[in-house]
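# Commentary on secondary and tertiary structure
Now for the letters of each chain:
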Amino acid sequence: MARAAKGYNYGHIAALVSLRGSAVEKMPASARKLYLQRHLHLVESQIRLLADKLGFDEESFDREDDWTDNQLDQERWSSLINLDYLLAERDALRETLAKL
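Read on for a plain summary of the structure.

What counts as what
- Residues numbered from 1 in each chain as written.
- Predicted model: local features only at pLDDT ≥ 70, side-chain atom pairs only at ≥ 80, totals over all residues.
- Heavy atoms only, no water.
- Helix = DSSP H or I, 4+ residues; strand = E, 2+ residues; numbered from the N terminus.
- Buried < 20%, exposed > 50% of the residue type's maximum accessible area, 1.4 Å probe, protein only.
- Areas by Shrake-Rupley, 256 points an atom, 1.4 Å probe, with all protein chains shown as cover.
- Salt bridge = Lys/Arg side-chain N within 4 Å of Asp/Glu carboxyl O.

## Comments concerning the overall build of the chain
Within the chain, the regular secondary structure consists of three helices and zero strands. Sequence-ordered secondary structure for the chain, helices as α and strands as β, is α-α-α. Here the chain, with 100 residues, has 25% of them falling under the buried criterion. Summing over all exposed atoms, the chain offers an accessible surface of approximately 7,700 Å²; the carbon and sulfur share of this is 51%.

Next comes the structure, spelled out in structure tokens:
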């Protein structure tokens, strides 16, 4: 299916995957940008999945809800912490891509 997508360069993506664990700073600029865009896409997908699991929509990320400790079980707290981390990671990736 990936090969059928218009403009999809399977060889380039495979090369980027082989660089996983390598220093991103050593990548050529075009490869670094593509790598960060792909990582941003993955983070945004994780955010959507976790938000769906928690019953949030994108607008509710910005507003503060009145929750107490008793209303949240351990799994929900863990999911909220992960969601907060992913949102911060997404913002950092967007900022980095904007500066490239």
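Once the structure has been displayed, the description carries forward.
## Points about the pattern of salt bridges
Here the structure, examined in full by the defined rule, presents three salt bridges. Its salt-bridge partner being lysine 53, residue glutamate 75 comes within 3.4 Å of it at the nearest N-O pair. With glutamate 75 in helix α3 (residues 74–99) and lysine 53 in helix α2 (residues 29–54), the pair connects residues that are 22 residues apart, well separated along the chain. Lysine 53 carries the same exposure label as glutamate 75, and that label is exposed.

## Quick notes on the environment of leucine 49
Position of leucine 49 relative to the elements: it lies in helix α2. Expressed as a C-alpha distance, the spacing of leucine 49 and leucine 83, which sit 34 residues apart in the sequence, is 9.7 Å.

Such coordinate-based values are descriptive only and should not be taken to indicate function.
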